[in-house]
Structures are given as structure tokens and as C-alpha cells.
Amino acid sequence: MQFTVNGEAIDIEADIRTSLLDFLRNVLGLTATKKGCDQGACGACTVLADGERINACLALAVQYQGRSITTVEGIASDSELHPLQRAFIEHEGFQCGYCTPGQLCSAIGMMREVDGNVPSAVTQDLTTAAVSFNEQEIRERMSGNLCRCGAYNGIVDAISQTFAETSTRAIGRARA
Ligand code: FES
Ligand code: FES
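Residues numbered from 1 in each chain as written. Chains lettered and ligands numbered in written order. Predicted model: local features only at pLDDT ≥ 70, side-chain atom pairs only at ≥ 80, totals over all residues. Heavy atoms only, no water.

**Examining unusual backbone geometry**
And step 1. Although it is not a glycine, Asp-50 sits at a positive phi angle of roughly 50°.
And step 2. What makes Asp-50 partly exposed here is its relative accessible area of 37%.
And step 3. Although it is not a glycine, Asn-117 adopts a positive phi angle of roughly 60°.
And step 4. Assignment of secondary structure puts Asn-117 in the loop between α3 (100-115) and α4 (135-141). (Buried < 20%, exposed > 50% of the residue type's maximum accessible area, 1.4 Å probe, protein only. Helix = DSSP H or I, 4+ residues; strand = E, 2+ residues; numbered from the N terminus.)

Laid out in C-alpha cells, this is it:
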């Protein structure tokens, strides 16, 4: 199978029955992406495929040949954390950290969807050319990523702060 993973070309033999999650963890040794439910319910395994967030436990690796996969190991640059990683630390957006790799990848993919004006279930105006982005939208759009530690308020604050700084889109104020 051939992929680009975190910017590196991969050409490796693997069982075609392997999920993308098991391929990343067990074949490539990229164990930061976590296995929670292994059935698409928790979001712990979220990675980016050409920038789009997907649940790696529900994908066969063979389906994603030729695609560019980004895991949480690939979102920082050199020794610099991604701004969202710094914000998670600043806002205490985690406790045990098990869900965090999936939360980070999911939030980056989510922002791409917002910038592309993809509406969510709570978007009021479906005709707008600029989907509004606020706490309600963040909570809805991140609802597929569960946190058993309940660090949701910190997660929302971290996402809100990060994308207020890096996106051209006006972002509503996070939780008071
Ligand atoms: S491990 Fe993939 S969604 Fe839970
Ligand atoms: S930080 Fe523990 S599950 Fe989210």
C-alpha cells in the first residue's frame, strides 16, 4: 500500500483487511491516534485524510491509498507545537489525554468545514455565504469526539481562542 503519512511517502505491504487505525498504530507505530470504541462512536481515532476528518477505525487502510493522511504526530512543525496544542495546554482542554489526539485532528478538520461554509445541525441560516461560528457551533460540530474526563469547557475555549486568532472568520465569544 502507498500513502503519504505526515508528509512522508509510505510504501509498505499490509493485510488488505487492516483498518486505517490499526495500520497507523500497529504497522507504522504511530500510536498517538487512539482506539476507544473501534466502532465509530467516540472519535478517539480521528485523523485527517487530505484535510478531511475521518474515523480511522471505520476506514480500511486500502481505501485510502494515494491519499495524504495526517495524524496528531504530524500537526506540529519541527519543535513548535500547533497553536491548538498550545491552547489545549493553556485552557486545560484535557485530563488523561486519551481523547486529545482525536480532538485536535477533529477541530482542525472542523475549521476547514466552517471555512468552506458547510452547515451543521445548529446552523440557523442555510442561505448565508458565511456560516457563523460560535460556542454552540463548536459544541455541535465536535459532538462526535467524546471526552470521558469531561474537559469539554476547556476544549471549547481552546478551539475558540485558536481559530479566533488564525481564521479570518469572526468567531463568537467562548463560554464566559
Ligand atoms: S475508536 Fe474510532 S470512533 Fe471510537
Ligand atoms: S482528557 Fe480524558 S478522555 Fe478526554
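**Observations concerning the domain arrangement of the chain**
And step 1. Domain boundaries assigned for the chain yield domain 1 (2-74) and domain 2 (83-175).
And step 2. The C-alpha centroid of domain 2 is placed 22 Å from the C-alpha centroid of domain 1.
And step 3. Taken together, the 18 residues of domain 1 in the interface contact 18 residues of domain 2.
And step 4. In total, about 1,300 Å² of surface goes out of reach between domain 1 and domain 2, with carbon and sulfur atoms giving 53% of it.
And step 5. The interface formed by domain 1 and domain 2 holds one salt bridge in total.
And step 6. A salt bridge links Glu-113 to Arg-53, with the shortest nitrogen-to-oxygen separation between them at 2.9 Å.
And step 7. Summed over the shared surface of domain 1 and domain 2, the result is nine residue pairs in polar contact (both at pLDDT 80 or more).
And step 8. Those elements that place two or more of their residues in the side of domain 1 that touches domain 2 are β3 (46-49) and β4 (52-55).
And step 9. With three residues, the top contributor of residues to the side of domain 1 that touches domain 2 is β3. (Domains from an automatic or database assignment. Contact = heavy atoms within 4.5 Å. Buried area = accessible area lost by both parts, 1.4 Å probe. Salt bridge = Lys/Arg side-chain N within 4 Å of Asp/Glu carboxyl O. Polar contact = N/O pair within 3.5 Å; in protein donor to acceptor, adjacent residues only side chain to side chain.)

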